[in-house]
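Observations on chain architecture
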Amino acid sequence: MSEQLGTHEENSSALNSSEEEQTLTSHLVELRRRLIHALLAILAIFLCLFYFANDLYTILSAPLTALLPEGTTMIATDVTSPFFAPFKLTIVLALFLSMPFILHQCWSFISPGLYRHEQRLAIPLLISSILLFYAGIAFAYFIVFPLLFGFFTSVGPENVAIMTDIGSYLNFVLKLFFAFGIVFEIPIATMLLIWSGITTAQALKNKRPFIIVGCFVVGMMLTPPDMISQSLLAVPMWLLFEAGILMSRFKGKNKVEEDEY
């Protein structure tokens, strides 16, 4: 009898182990499929944009070239820069434009493991995070760049000609794009911290002076060493933080909906 019981337990353990291996394998296969779809989306957008790579770079450099003295142009100090600078820009732009599809693939992978109320909360947060990231990039291009480059081109000595390298310019603006895109996610991060119970809105309000100082410190680290660019990043960070606290008041309504499910 004991031998039969032991055999039954061994068979049951082997069956459970086999099911776990099958589940893990199926998850890995699904993850690979989602990653392939995301990479194909990036590649497809890149191929569509590559023909216009030089035109895209011209548009990107417009905030600076519009402020350069007459007869002055951007230069390429590296032999390969005229090709690789637009090429790199096209890759990054393809990644930016395919981000909604990439996040959709991530959502499709993790959503089956979420509860219904979690799915109802995650979808608007996902959409908002995409829109806020794009808003951060637009804010940098249309607001920050004209002010920033206007300052830089006006403070130099009169006997120094401004001729910016296209590779250096691209690295500079991409850094600011990423910085402002991430900074504009602060309302989402603030709401998640409050809704998850890690902190409260009142606790964040009490720490407001420290957060404002922290915004300027982050602005100093992510932008060139001048007060204009630092303030153009720090002030929106603070305002977005306040917006996150304001929007976190919807927690009560969301909590009721969660309790219903």
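What counts and what doesn't
- Residue positions within a chain follow its written sequence, with the count starting from 1.
- A pLDDT threshold of at least 70 governs which residues receive local features in this predicted model, and a stricter bar of 80 or more applies before side-chain atom pairs are shown or counted, although totals over entire chains, interfaces and linings include all residues.
- In computing side-chain values, all of the structure's heavy atoms are included and hydrogens and water are not.
- Here a strand is any run of E in DSSP of at least two residues, a helix any run of H or I of at least four, and the numbering for each starts at the N terminus.
- Each residue is assigned to one of three classes by its accessible area relative to the maximum for its type, calculated with a 1.4 Å probe on protein chains only: buried under 20%, partly exposed between the two thresholds, exposed over 50%.
- Contacts are residue-level and defined by heavy atoms, with any inter-residue pair within 4.5 Å sufficient.
- Two rings from Phe, Tyr or Trp (for Trp, the six-membered ring) form a pair when their centres sit within 6.5 Å of each other. Planes less than 30 degrees apart are called stacked, planes more than 60 degrees apart edge-to-face, and all others tilted.
- Cavity means a closed set of points on a 1 Å grid over the protein atoms alone, one where a 1.4 Å probe fits but cannot get out, pocket means an open set with protein on both sides within 12 Å along at least 5 of 7 lines, and lining means a residue has an atom within 4 Å of a point.
- Grid points are joined across faces, edges and corners, and a volume is the space filled by probe spheres set on the points.
- Two distance rules govern patches: like charges are joined within 9 Å, and nonpolar side chains (Val, Leu, Ile, Met, Phe, Trp, Tyr) within 5 Å, applied only to residues with over 30% relative accessible area and no salt bridge.
- The method behind every accessible area is Shrake-Rupley, applied with a 1.4 Å probe, and residues are considered shielded solely by the protein chains displayed.
- Each reported salt bridge corresponds to a side-chain nitrogen of Lys or Arg within 4 Å of a carboxyl oxygen of Asp or Glu.
- One fewer than the residue count of a helix, multiplied by 1.5 Å, yields its expected span.
- Here a polar contact is taken to be a pair of N or O atoms separated by no more than 3.5 Å, where protein atoms must pair a possible hydrogen donor with a possible acceptor and residues adjacent in sequence count only if both atoms sit in side chains.
- Per-residue confidence from the predictor is given as pLDDT, running between 0 and 100.

Considering the overall build of the protein chain
Helix and strand counts for the protein chain come out as 12 helices and 0 strands. Beginning at the N terminus, the succession of helices and strands in the protein chain can be written as α-α-α-α-α-α-α-α-α-α-α-α. A total of 261 residues make up the protein chain; the buried ones form 31% of that total. Excluding contacts between residues fewer than 6 apart, the proportion of contacts in the protein chain whose partners are at least 24 apart in sequence is 82%.

Section: the packing of aromatic side chains
A complete count under the given rule lists 19 aromatic pairs for this structure. Centroid distance Phe46 to Phe87: 5.4 Å. Interplanar angle 80°. Geometry classified as edge-to-face. Of this pair, Phe46 sits in helix α1 (residues 2–50) while Phe87 sits in helix α4 (residues 81–97); the two residues are 41 residues apart in sequence, bridging distant segments of the chain. Between the aromatic rings of Phe139 and Phe184, the centroid separation amounts to 5.7 Å while the plane-to-plane angle is 45°, which identifies the pairing as tilted. Remark: Phe184 occurs in the loop between α7 (166–183) and α8 (186–195) and Phe139 occurs in helix α6 (residues 116–155); sequence separation between them is 45 residues. The class for Phe184 is buried, based on a relative accessible area of 10%. What links up through ring pairs into an aromatic cluster is the set Tyr57, Tyr141, Phe142, Phe145, Phe149, Tyr169, Phe172 and Phe177.

Let's talk about the side chain of Ser81
Structurally, Ser81 is set in helix α4. Apart from residues no more than four positions distant in its own chain, Ser81 is found in contact with Ala76, Pro86 and Ile166.

Structural notes on the layout of surface pockets
By volume, the largest pocket is sized at about 370 Å³. Sorting the residues of the lining of the largest pocket by element identifies α2 (53–60), α4, α6 and α7 as the ones contributing at least two each.

Things to note about a nonpolar patch on the surface
Together, Val213, Val217, Met220, Met221 and Leu222 give the surface a local cluster of nonpolar side chains, amounting to about 460 Å² of exposed area. Along the chain, Val217 turns up in helix α10 (residues 208–222).

Section: α7
Count 3.6 residues to each turn of an α-helix, and residues three or four apart come out pointing the same way. If you check α7, its first and last C-alpha atoms are 26 Å apart, about what 18 residues at 1.5 Å a residue would give, namely 26 Å. Along α7, the positions that sit buried rather than exposed are Ile166, Gly167, Tyr169, Leu170, Val173, Leu174, Leu176, Phe177, Ala179, Phe180, Gly181 and Val183. Here α7 starts with a cap whose side-chain oxygen sits 3.1 Å from the backbone nitrogen of Gly167, and that cap is Asp165.

Concerning α4
Helix length check: α4, at 17 residues, gives a terminal C-alpha distance of 24 Å against a target of 24 Å (1.5 Å per residue), a fit within 8%. Along α4, the positions that sit buried rather than exposed are Ser81, Ala85, Pro86, Leu89, Thr90, Val92, Ala94 and Phe96.

Points about the pattern of salt bridges
Where charged atoms from two side chains of opposite charge come close, those side chains can pair. Summed over the entire model, instances satisfying the criterion amount to 3 salt bridges. When the shortest N-O distance is used, the salt bridge between Glu30 and Arg33 registers 3.0 Å. Here Glu30 pairs with Arg33, and both are found in helix α1, just 3 residues apart, close to one helical turn. Ionic pairing is found between Glu242 and Arg208, a salt bridge with its closest N-O pair at 2.6 Å. Within this pair, whereas Glu242 is found in helix α11 (residues 227–247), its partner Arg208 is found in helix α10, the two being separated by 34 residues in sequence.

Regarding the confidence of the model for the protein chain
Chain-level statistics for the protein chain give a pLDDT mean of 81 and a share of 84% at 70 or above. Mean pLDDT across the elements of the protein chain ranges from a minimum in helix α12 (residues 251–260), with 46, to a maximum in α2, with 94. Between residues 252–261, whose pLDDT stays under 50, and residues either more than four places distant or in other chains, the model counts 6 contacts.

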